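# Summary of structural features
Each chain, written out:
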Amino acid sequence: MVALAHKADDEAGLGLAVRNVSHAFELHGQTLPVLDNVSFSVEPGEFVALLGPSGCGKSTLLRLVAGLEPPCGGSLLADGRPIDGPHPSRVVVFQDPTLYPWRTVWDNVALGLEAQGLLKQNRARVDEALALVGLSGFAKAYPHQLSGGMAQRAALARALVNDPRLLVLDEPLGKLDSLTRIAMQGEIVRLWQSAGFTALLVTHDVEEALLMATRVIVFSERPARITAEIPIDRPYPRHRDDPVLVDLRHKVLDLLGMGSSW
Amino acid sequence: MAAIEGAAGEEAGALPKEAPSLRPVIGGLSAAAAWFAVAALTSAWPDAEEWERTGELASLLAVVGGGLALASLLRRAQRAWPWMLALALGVAAWEVATAKLNLLPRPFFAPPQGLLEVYLDDWPRLAECVLHSAWLLISGYLLGSAAGFITGVAVGWSRAVGYWVNPVLRLIGPLPATAWLPLAFFAFPSSASASTFLVALAAFFPVTILTLSGVAGVNSAFYDIARTLGANKRFLVLKVAIPATMPHVFVGLFMGLGGSFAVLVVAEMLGVKAGLGWYIQWAQGWAAYGNMYAALLVMALLCSGLVALLFRIRDHLLAWQKGLLRW
């Protein structure tokens, strides 16, 4: 269980700084602004949730953090150094598990180590990561044989096996049924607590953000600007009916313009 | 819990223990009887004209009947027996219409013993032709497919390569490989190398097009995830793009194989002085229609054998697809 937590020390979490980042897409010859002068920073070991209406540009921000695209303006720093490309210390788990259908679950989880040429010495880590997400019995299964929740667990194991210092979660539970969702919210928080990485979660589910994160950053409609930052100083495991969280939920829904509908 | 599982296991295990049906055995034996009947008919009913190998044919038919009877008793003919029965009836009809009653115009329709005669007397030449055709087909096909695969991956992956190669493919690709025949036969030093080139060309185009469209259509999230996990370009091509494209590649390989057959036969009929295509042409020139049918049958077996082999390779390489779609 704690096998992957051996980096739970000072250097486990990565510090992230987003400075005046703006981004836009070219669509049919028109410029579509997505991010408008966004700045925030994440301390090592923090669990920050980015909350906003769907399509507001949160996922774009995650692509920039992952280094998959450079921003149009501003800069992103990981531990003070500019992000200039993807790096296995910053791993993304996307909304779709996107497992490689031609690889078994084991080979999917091993992909990062294989790509970095570290697989031979670290085969045991793949088994550990599978055990961590409860998929040991499915190592030889192909992705199409898994349920949605199991596939997302496999995707999580594929990220965790690299000992990421920043785990970027792009609505990873968005497509799961509500029971699996609740179970995995707790699991991810436990993994974060034991491994000590920094977590950045994008979600449009207010409750999910409040249950999991130490701080919630609320975004406006596209182009996304930050409208509020809300620290959540509640112990884990948290409960949905915690009065402080219920109050916060009203406040956040108000910020998102949904105050009257609750 | 374990007890419940054990009981469930026993129940599941009991299902196949049901007494196996006798129907396939009876069916197989009746099909065997039909083959024996055709053998008797062939041997007892005198031919309208004299055929040399009628006796051998009757023995062969009896051997088939015996083998079939043995297979049904060993329960190895569970699914094949209706086909074997139909084949026996077909051979009987063929034998009666040709050798026994001379109903079909000669020499265009040869009786079964006519084909048998070819296989018994002319087998060295036929075998040489089979080897020649098979070598030409396999070498040309492998060369063309390999070149097509590499070109497809390069064009699908690199914009620069695509810029230069795509227009050429679009212009020349749709041209049937047979249109190159006259050019190939004077441009290449030997007719063998010319026909290898043509067979390769026939396989090249479909494999290239399917590979490049497959590479171009790979889900970009596959690349994103591999990149965040530390994959370099080489890994992205070899471990992401190519495996993701393999189902397309196999469609191209099947299309290319069909094209290769066609070009092979035409090339052998027109310029090459060996191979099954040449044999058919030669037999027809001598009005030796028995030889022609014999060669056609061999060719059918060769082609379907290669297609079956390709299916086996695909089933092995793309086993992961089995649960995803119907093949």
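Residues numbered from 1 in each chain as written. Chains lettered and ligands numbered in written order. Predicted model: local features only at pLDDT ≥ 70, side-chain atom pairs only at ≥ 80, totals over all residues. Heavy atoms only, no water.

Turning next to the overall build of chain B. Within chain B, the regular secondary structure consists of 13 helices and zero strands. For chain B, the sequential pattern of α-helices and β-strands runs α-α-α-α-α-α-α-α-α-α-α-α-α. The C-alpha atoms of chain B give a radius of gyration of 27 Å, which is well past the 20 Å a tight globule of 327 residues would have. Over its C-alpha atoms, taken along the principal directions, chain B stretches across nearly 80 × 80 × 30 Å. The buried share among the 327 residues of chain B stands at 43%. Counted over contacts in chain B with a minimum sequence separation of 6, partners at least 24 positions apart contribute 74%. (Helix = DSSP H or I, 4+ residues; strand = E, 2+ residues; numbered from the N terminus. Rg over C-alpha atoms; globule rule 2.2 N^0.38 Å. Buried < 20%, exposed > 50% of the residue type's maximum accessible area, 1.4 Å probe, protein only. Contact = heavy atoms within 4.5 Å.)

What follows concerns the nonpolar core. Of all hydrophobic cores here, the largest spans 153 residues; its most connected members are F40, F47, L50, L156 and L200 of chain A. The element best represented in this core is helix α11 (residues 233-270) of chain B, accounting for 17 residues. In contact with L156 of chain A, not counting residues within four places along its chain, are V93, V133, L167, L169, M184, I188 and L191 of chain A. Counting 16 residues, the second-largest nonpolar core is a separate cluster that includes W35, V38, A88 and L116 of chain B. (Core = buried A, V, L, I, M, F, W, Y, C linked by side-chain atoms within 4.5 Å.)

Another point: empty space enclosed by the protein. All names here are of chain A. Counted by the stated rule, this structure contains six cavities of 30 Å³ or more. Volume-wise, the second largest cavity comes out at about 60 Å³. Lining of the second largest cavity is provided by E207, L210, L211, R240, L245, V246 and R249. Broken down by class, the residue content of the lining of the second largest cavity amounts to four nonpolar, no polar and three charged. (1 Å grid on protein atoms, 1.4 Å probe; cavity = no way out; pocket = protein on both sides within 12 Å on 5 of 7 lines; lining within 4 Å. Points joined across faces, edges and corners; volume = space filled by probe spheres on them. Nonpolar A, V, L, I, M, F, W, Y, C, P; charged D, E, K, R; others polar.)

So, on to the domain arrangement of chain B. Frequently, the measure chosen for interface size is the accessible area that the parts lose on association. Here chain B is partitioned into domain 1 (21-102) and domain 2 (123-317). Between the C-alpha centres of domain 1 of chain B and domain 2 of chain B the distance comes to 39 Å. (Domains from an automatic or database assignment.)

Here we take up helix α6 (residues 178-195) of chain A. All names here are of chain A. Its 18 residues give α6 an end-to-end C-alpha distance of 26 Å, which sits within 8% of 26 Å, the value for a rise of 1.5 Å per residue. Where α6 is buried, its residues touch β3 (47-51), α4 (123-132), α5 (148-160), β7 (166-170), β8 (198-203) and α7 (206-212). Immediately beyond the C-terminal end of α6, within one or two residues, lies G196, with a positive phi of roughly 75°. (Expected span 1.5 Å × (residues − 1).)

Before going further, it helps to spend a moment on the interface of chain A and chain B. Counting from both sides, the interface comprises 27 residues of chain A and, opposite them, 19 residues of chain B. Summing both sides of the interface, chain A and chain B together bury roughly 2,000 Å²; the carbon and sulfur share of this comes to 70%. Of all residues in chain A, Y100, W102 and H144 of chain A bury the most surface against chain B, accounting for 31% of the area lost on that side. If you look at where chain A meets chain B, you find two salt bridges. Between K239 of chain B and E114 of chain A there is a salt bridge, with its nearest N and O atoms 2.7 Å apart. Counting every contact that joins chain A to chain B gives six residue pairs in polar contact (both at pLDDT 80 or more). (Buried area = accessible area lost by both parts, 1.4 Å probe. Salt bridge = Lys/Arg side-chain N within 4 Å of Asp/Glu carboxyl O. Polar contact = N/O pair within 3.5 Å; in protein donor to acceptor, adjacent residues only side chain to side chain.)

Under the definition given, this model contains zero disulfides over all chains. No disulfide involves C303 of chain B; its sulfur sits 14 Å from the nearest other cysteine sulfur, which is in C129 of chain B. (Disulfide = S-S within 2.5 Å.)

All names here are of chain A. Ordered in space as β6-β7-β8-β3-β9-β10, the six strands form an open sheet in which the pairing is mixed. Where the open sheet ends on each side, the last strands, each with one partner, are β6 (90-93) and β10 (226-231). Going from strand to strand, the sheet's axes swing by 15° on average, the running direction of each strand aside. With five bridges connecting them, strand β9 (residues 215-219) and β10 associate as antiparallel partners. Within β10, the position partnered with R215 by the bridge is P231. (Pairing = 2+ DSSP bridges. Axes fitted to C-alpha atoms, helices over the stretch in contact; angles between N-to-C directions.)

Next up on the list: the confidence of the model for chain B. All names here are of chain B. Looking at chain B, pLDDT values average 87 and 93% of them are 70 or higher. Across chain B, the secondary-structure element scoring lowest on mean pLDDT is helix α1 (residues 2-14), at 43, and the one scoring highest is helix α6 (residues 123-157), at 93. Across residues 1-14, confidence stays below pLDDT 50; counting only partners more than four residues off in sequence or on other chains, it has zero contacts. (pLDDT = per-residue confidence, 0-100.)

Turning next to the domain arrangement of chain A. Residues and elements named next belong to chain A. Partitioning chain A into structural domains gives domain 1 (13-89 + 164-261) and domain 2 (101-163). For domain 1 versus domain 2, the separation of C-alpha centres amounts to 25 Å. Contacts between domain 1 and domain 2 engage 13 residues on the former and 11 residues on the latter. Counting the surface lost from both domain 1 and domain 2, the interface buries some 1,000 Å², and carbon and sulfur atoms represent 73% of this.

Here we come to the packing of aromatic side chains. All names here are of chain B. Applying the stated criterion to the full structure yields 14 aromatic pairs over all chains. Ring geometry for W278 and W282: centres 5.9 Å apart, planes at 20°, overall stacked. You can see W278 and its partner W282 sitting in helix α12 (residues 276-285), four residues apart, about one turn around the helix. (Phe/Tyr/Trp six-rings, centres within 6.5 Å; stacked < 30°, edge-to-face > 60°.)

All names here are of chain A. Considering the arrangement of structural elements, one finds V126 in helix α4. What makes V126 buried here is its relative accessible area of 0%. Put simply, V126 and A49 are 77 residues apart on the chain and 28 Å apart in space, counted from C-alpha to C-alpha. Apart from residues lying up to four places away in sequence, V126 is in contact with W106, V109, A110, L113, L119 and V161.

Looking now at unusual backbone geometry. Residue and element names in this part refer to chain A. In this model, Y236 is joined to P237 through a cis peptide bond whose omega is -10°. On the secondary structure map, P237 appears in the loop between β10 and α8 (243-255). Despite not being glycine, T98 shows a phi value in the positive range, around 45°. In this structure, T98 sits in the loop between β6 and α2 (105-109). Although it is not a glycine, D163 sits at a positive phi angle of roughly 50°. Following the sequence through the fold, D163 ends up in the loop between α5 and β7.

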